[in-house]
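Fold and geometry: a report
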Amino acid sequence: MTQRIFDTHLHIIDPAHPLVENNGFMPGPFTVDDYQRRIDGLGIKGGAVVSGSFQAFDQGYLIDALKALGPNYVGVTQVPGDTSDTRILELHEAGVRAVRFNVARGGSANLDDIDRLARRVHDLAGWHAEVYIDARTIDESLSRRIAALPAASIDHLGMHEDGLSNLLRLVEQGVKVKATGFGRVELDPAATVRAIDATDPTALMVGTDLPSTRALRPFRDEDLALIVDALPADRVADVFWNNAASFYLGA
């Protein structure tokens, strides 16, 4: 592709750092070098390295990955609710810009911490919150909690077609959404992308979800082409770069 891309969702799995079995799953390696080889020619010029459930609260791999990838890459980490202000600021200096709540698979701070922790890291370091959740499970109470956060995003298009109405209610209230993980969702990606972009043109951001651990199929280059085809031509630059660069880099 010739369009510049900010990859809002990628995982680096470096066996030099601790891994934790999650629901019987242990991933294989996917290093910075592996990632860079895989994206060659796609136009990816920045991105967000996201902590997986199998990395629990380890930060070593993330700090090393951000050093190797360069200044257009940021970290999305998992931290326990009692993480000190000093540690949060250290992680910010290393390039972390968001805290992740992995509701779908666990391994992160408990969802009960979402208000307190998400607000604290935003006030302290300007971080936003990222929520990996099946949108079908977002009831009215949780929807209000997520929408009331200072800044938040939802992973993988909310996962399921039956959760789209819940997702769009959040989009109407300023929550961002990642168009990622097409090999793990149960919905029509093109129709969902169009609905989100029509609801809020600043909401939608793309990503590869590499290396697509536990997905029914891995990321394909055609997933990005699908998004291009689903959008009017004048919306592509915002969805592929501008929305995410504003959200993650303040650019």
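Scroll up a little and you will see the structure.
Residues numbered from 1 in each chain as written. Predicted model: local features only at pLDDT ≥ 70, side-chain atom pairs only at ≥ 80, totals over all residues. Heavy atoms only, no water.

1. Focus: the packing of aromatic side chains
- Overall, the coordinates contain six aromatic pairs when judged by the stated rule.
- Seen from their ring centres, Phe6 and Trp241 are 5.7 Å apart, and the 70 degrees between their planes marks the pair as edge-to-face. Remark: Trp241 occurs in helix α9 (residues 236-249) and Phe6 occurs in strand β1 (residues 5-10); sequence separation between them is 235 residues.
- According to the relative accessible area criterion, Phe6 is buried, its value standing at 0%.
- For Trp241, a relative accessible area of 7% translates into the label buried.
- Joined through ring pairs, the aromatic side chains of Phe6, Trp241, Phe247 and Tyr248 make up one cluster. (Phe/Tyr/Trp six-rings, centres within 6.5 Å; stacked < 30°, edge-to-face > 60°. Helix = DSSP H or I, 4+ residues; strand = E, 2+ residues; numbered from the N terminus. Buried < 20%, exposed > 50% of the residue type's maximum accessible area, 1.4 Å probe, protein only.)

2. Looking at the sheet that holds strand β5 (residues 128-132)
- The eight strands are arranged β1-β2-β3-β4-β5-β6-β7-β8 in an open sheet whose pairing can be described as parallel. Pairing within the sheet leaves two strands with one partner each, and these edge strands are β1 and β8 (204-206). For this sheet, the mean angle separating the axes of adjacent strands, direction not counted, is 25 degrees.
- In the sheet, β5 pairs with strand β6 (residues 152-154) via three bridges, with the strands oriented parallel. Looking at the pairing, Ala129 lines up with Ala152 of β6. (Pairing = 2+ DSSP bridges. Axes fitted to C-alpha atoms, helices over the stretch in contact; angles between N-to-C directions.)

3. Remarks on the packing of helix α6 (residues 164-172) against helix α7 (residues 189-199)
- Put simply, α6 and α7 touch, their axes get as near as 9 Å, and they point 25 degrees apart. When the axes of α6 and α7 are compared, the pair comes out roughly parallel. Helix-helix and strand crossings are classified by hand; for α6 and α7 the assignment is right-handed. Across the interface between the two elements, Leu164, Leu167, Leu168, Val171 and Glu172 of α6 pack against Thr192, Ala195, Ile196 and Thr199 of α7.
- Among the residues making up the contact of α6 with α7, the classes are represented as six nonpolar, two polar and one charged. (Parallel < 35°, antiparallel > 145°, perpendicular 65-115°, else oblique. Left-handed = near helix turned anticlockwise from the far one by under 90°. Contact = heavy atoms within 4.5 Å. Nonpolar A, V, L, I, M, F, W, Y, C, P; charged D, E, K, R; others polar.)

4. Some thoughts on the pairing of β5
- With five of its five residues buried, β5 lies for the most part within the structure.
- On β5, burial covers both faces: His128, Glu130 and Tyr132 on one face and Ala129 and Val131 on the other are all buried.
- Direction of pairing for strand β4 (residues 96-102) relative to β5: parallel, over a ladder of five bridges. Of the residues in β5, the one forming a bridge with Val99 is Ala129.
- For the handedness criterion, the β-α-β arrangement of β5, helix α5 (residues 140-147) and β6 is classed as right-handed. (Right-handed = clockwise from strand over helix to strand, strands pointing away.)

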